[in-house]
Amino acid sequence: MSKQREQKFNPPAPENLSQTGLSEKLIEDLIFKLVLSRGVMSGRQIADEICLHFKIIEPILSGLKKQLFLAYRSDAGINDFAYMLTEQGRTKANVAVESSAYIGSAPVPFAEYLKSVQSQSIQKENPGLEELQHAFHDLVLEPHIFFTLGPAINSGRGVFLYGAPGNGKTSIAKRIHKCFNDAIYIPKTLLISGELLKFYDPQWHNASDDKGLKYDRRWIKIERPAVIVGGEMDLDSLGIKYDLQTKISEAPLQMKANCGTFVVDDFGRQRVSPIDLLNRWILPLEKRIDFLTLSNGIKFQVPFDELLIFCTNIDPNEFLDEAFLRRIPYKVKLKDPSEEKFRQIMKFVAPKYNIEYDGAMIDYLISNYFRGKRPFRSCHPRDILEQIVNASAYQRIQPKLTKDQIKLAAFNYFAAMEHSNIKE
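Residue numbers restart at each chain and count upward from 1, following the sequence in its written direction. Residues qualify for local features only when their pLDDT is at least 70, as the model is predicted, and side-chain atom pairs are given and counted only at 80 or more; totals for whole chains, interfaces and linings, by contrast, use all residues. No hydrogens and no water enter the side-chain calculation; it runs on all heavy atoms of the structure.

Peer 1: Give me the packing of helix H3 (residues 43-50) against helix H4 (residues 54-66): which residues, what numbers.
Peer 2: For helices, the axis comes from a line fit to the C-alpha atoms of the stretch in contact; other axes are also lines fit to C-alpha atoms, and the angle between any two N-to-C directions lies between 0 and 180 degrees. Numbering of helices and strands starts at the N terminus; helices are DSSP runs of H or I of at least 4 residues and strands are runs of E of at least 2. Packing of H3 against H4 leaves a shortest axis separation of 9 Å and a crossing angle of 120°. Classed by the angle they form, the pair H3 and H4 counts as oblique. Crossing of H3 over H4 shows right-handed handedness. Packed against H3, whose contacting residues are Gly-43, Arg-44, Ile-46, Ala-47 and Ile-50, the element H4 presents Phe-54, Ile-57 and Leu-61 at the interface. Any angle that falls under 35 degrees is termed roughly parallel, while one over 145 is termed roughly antiparallel, one within 65 to 115 roughly perpendicular, and all others oblique. Should the near helix be turned anticlockwise from the far one by less than a right angle, the crossing is left-handed, and should it be turned clockwise, the crossing is right-handed. The contact rule is simple, with two residues in contact once any of their heavy atoms fall within 4.5 Å.

This is the structure we're talking about:
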């Protein structure tokens, strides 16, 4: 695998309030809400929670103390105190909560986020065969797949992975982001037209090692994101989420996927028609921008900088018109494995389940349950071995490829199979 490249973007820590790009009132409101929720906090604890250096927070705290919004509870070390709200401060805090219940990192101005996307764009990544082989090292793929997927991934545009269920579309899609070596920085929260937008999402953003690195802690270093949605996705999920009760906004999934991959799994099974869903992507795919609307009604333009991947059992040529096919120029079909490839997959997977590969038993499996009965699927070796492992655990025996274990696994897995059809 090629050596990891030098980090392209590193947000410098602000030295003063002006360099944060934020107003003093916004930071005061964050302090009010934070201390209201905790009761008593030292200045350095407040600075850590807000992700700004203590030297930026300290004069603001002193000002709030002089205005009688904060009071000292006790000494908290060198040039620091434990702070608590006064009655006046509590009133201020409640007003701030009514505006938004958000508590946490100070936001990053949207303009700074735009610069970060441009600097860390997935368009600037050019993974080669070595990176692909590393990303898919735990899958058994035909060699031609690498030469089909490679250009598609390098395009940074859109890809259709299609074919019969069980042949690895989702497994491949989930690993594509691993082709990109470098980590990126994303803001924890954004400030857009006066509104706070939560951005960092641990469900999709895997924090990367940042020990010893000096940077603005309002940002977080992550692996390039891989956001995966399935049949639950609808058009509303592609807009900003706004909680009427807490008055907190959250970035939509495709925005969280910027500089990474966005996978639409089981395409065609969503609650919205495939055509309506595809039409939603026409502008982002064509112009690489998207338009979103804040809770206050303000529309804004956001980059669409991600590799959009559709996984479907349907041949895209059957339901897409020429115009849309042109916007997603890469269509990768994953075919059923041959008998030889099926054996290779079984041999590759068996050790992962602590099962010794037995060619004679695989002959038995193929002869009785596949030839002339059903097509091979890439998922079958894994699923059959898992059946054997689970049955063996129940029987308290060592998992092994035997006729009895194969019969039981096949009976459970291929429910329509009758015992009378099983040859000894």
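Don't stop here, the text continues.
Peer 1: Tell me about the nonpolar core, and please be specific about residues and values.
Peer 2: Ranked by internal contacts, the top residues of the largest apolar core, which has 47 residues, are Phe-136, Leu-149, Leu-161, Phe-262, Val-264, Trp-281 and Phe-310. Discounting chain neighbours no more than four positions away, the residues touching Leu-161 are Leu-149, Lys-169, Ile-172, Ala-173, Ile-309, Phe-310, Cys-311, Thr-312 and Val-332. What makes a nonpolar core is a set of buried Ala, Val, Leu, Ile, Met, Phe, Trp, Tyr and Cys residues whose side-chain atoms join them at distances within 4.5 Å. Exposed residues in this analysis have more than 50% of their type's maximum accessible area, buried residues have under 20%, and partly exposed residues fall in between, with area computed by a 1.4 Å probe over protein chains only. By size, the runner-up hydrophobic cluster in this structure holds 27 residues, among which are Phe-32, Val-35, Leu-52 and Ile-60.

Peer 1: If you had to explain the side chain of Lys-169 to someone new, which residues and values would you point to?
Peer 2: Position of Lys-169 relative to the elements: it lies in helix H9 (residues 169-175). Charge counting follows a simple rule: Lys and Arg are positive, Asp and Glu are negative, and His as well as the terminal groups are ignored. When a carboxyl oxygen of Asp or Glu lies within 4 Å of a side-chain nitrogen of Lys or Arg, that pair is called a salt bridge. Although Lys-169 is buried, it forms no salt bridge, and the closest oppositely charged side chain is Asp-266 at an N-O distance of 6.9 Å. Apart from residues no more than four positions distant in its own chain, Lys-169 is found in contact with Leu-161, Tyr-162, Gly-163, Ala-164, Cys-311, Thr-312, Asn-313 and Leu-334.

Peer 1: Please set out the sheet that holds strand S17 (residues 330-333) residue by residue, giving values where relevant.
Peer 2: Across the sheet, which stays open at both edges, the five strands sit in the order S10-S13-S16-S5-S17 with parallel pairing between neighbours. The open sheet is flanked by strand S10 (226-229) and S17, the only strands paired with a single partner. Taking the axes of each pair of neighbouring strands and ignoring which way they run, one obtains an average angle of 20° across the sheet. Note: two strands are recorded as paired if DSSP finds a minimum of 2 bridges between them. As defined by bridge partners, S10 adjoins strand S13 (residues 260-264) across four bridges and the pair is classed as parallel. Directly across from Val-227, in S13, lies its bridge partner Phe-262. Helix H8 (residues 143-155) rests against strand S5 (158-162), strand S16 (306-312) and S17 of the sheet, and its axis sits at about 150° to S17.

Peer 1: Go over the environment of Phe-146 with me, naming the residues and quoting the values.
Peer 2: Residue position: Phe-146 is located in helix H8. For Phe-146, a relative accessible area of 13% corresponds to the buried category. Each residue touching Phe-146, except ones within four places of it in the same chain, is listed here: Leu-129, Leu-132, Gln-133, Phe-136, Leu-141 and Pro-151.

Peer 1: Lay out helix H17 (residues 403-413) with the relevant residues and their values.
Peer 2: Working note: α-helix, 3.6 residues per turn, so residues spaced by three or four point in the same direction. All of the buried residues in H17 are Gln-405, Ile-406, Lys-407, Ala-409 and Ala-410. For H17, the secondary structure elements touched by its buried residues are helix H15 (359-369) and helix H16 (380-395).

Peer 1: Outline the sheet that holds strand S8 (residues 195-198), supporting the account with residue identities and numerical values.
Peer 2: Taken together, the five strands give an open sheet; going across it, the order is S4-S7-S8-S12-S11, and neighbouring strands pair in mixed fashion. Two strands close off the open sheet at either side, each with one partner strand: strand S4 (108-109) and strand S11 (241-243). Pairing of S11 with strand S12 (residues 248-250), which is carried by three bridges, proceeds in the antiparallel orientation. From the neighbouring strand, Tyr-242 faces S12, where its bridge partner is Ser-249.

Peer 1: Describe the packing of aromatic side chains, and please don't skip the residues or the numbers.
Peer 2: Geometry of aromatic contacts follows a simple scheme: Phe, Tyr and Trp rings, the Trp one being its six-membered ring, pair when their centres are within 6.5 Å, and the pair is stacked under 30 degrees between planes, edge-to-face over 60, tilted otherwise. Within this structure, the stated rule accounts for 21 aromatic pairs. Over the face of the ring belonging to Tyr-215 we find Arg-217, whose NZ or CZ atom lies 4.1 Å from the ring centre. Note on geometry: a ring has a charge over it if NZ (lysine) or CZ (arginine) is within 6 Å of the ring centre and within 35 degrees of the ring normal. Over the face of the ring belonging to Trp-281 we find Arg-280, whose NZ or CZ atom lies 5.8 Å from the ring centre.

Peer 1: Give me the lowdown on the side chain of Asp-290, citing residues and values where you can.
Peer 2: Here Asp-290 shows up in strand S14 (residues 289-293). Polar contact criterion, stated in full: a pair of N or O atoms within 3.5 Å, where within protein one must be able to donate a hydrogen and the other to accept it, and residues adjacent in sequence count only if both atoms are side-chain atoms. Engagement of the side chain of Asp-290 in a polar contact is seen with the side chain of Gln-254, the distance being 3.1 Å. Within the structure, the side chain of Asp-290 is placed 3.1 Å from the side chain of Arg-280, a separation counted as a polar contact. Among residues more than four places away in sequence, those in contact with Asp-290 are Gln-254, Arg-280, Pro-284, Phe-300, Gln-301, Val-302 and Phe-304.

Peer 1: Describe helix H5 (residues 87-99), listing the residues and the values that go with them.
Peer 2: Expected helix span is computed as 1.5 Å times (number of residues minus one). With 13 residues, H5 should reach 18 Å at 1.5 Å per residue; the first-to-last C-alpha distance of 19 Å fits that figure. Within H5 the residues assigned to the buried category are Gly-89, Ala-93 and Ala-96. Angular distribution of buried residues about the axis of H5 spans 60°; they occupy a single face of the element. In this structure, H5 carries Glu-87, Thr-91, Val-95 and Glu-98 as exposed residues pointing more than 90 degrees from its buried face. Tucked inside the fold, the buried residues of H5 contact helix H2 (24-38) and strand S3 (81-85). The arc in question is the one traced by the directions running from the helix axis out to the C-beta atoms.

Peer 1: For unusual backbone geometry, give the residues involved together with the corresponding values.
Peer 2: Backbone geometry at Cys-259 places phi at a positive 70°, although glycine is not the residue there. Judged by its relative accessible area of 3%, Cys-259 falls in the buried class. The backbone phi angle of Arg-288 is positive, close to 60°, even though this residue is not glycine. Along the chain, the position of Arg-288 falls in the loop between helix H12 (282-287) and S14. Residue classification places Arg-288 among the partly exposed residues on the basis of a relative accessible area of 22%.

Peer 1: Please provide a residue-by-residue account of the pattern of salt bridges, values included.
Peer 2: A full pass over the atoms with the stated rule returns 18 salt bridges. For Arg-44, the salt bridge goes to Asp-80, with nearest N and O atoms at 3.6 Å. Of this pair, Arg-44 sits in helix H3 while Asp-80 sits in the loop between strand S2 (70-75) and S3; the two residues are 36 residues apart in sequence, bridging distant segments of the chain. Judged by relative accessible area, Asp-80 falls into the buried class, the value being 1%. Among the charged side chains, a salt-bridge network with shared partners connects Glu-339, Arg-343, Asp-363 and Arg-371.

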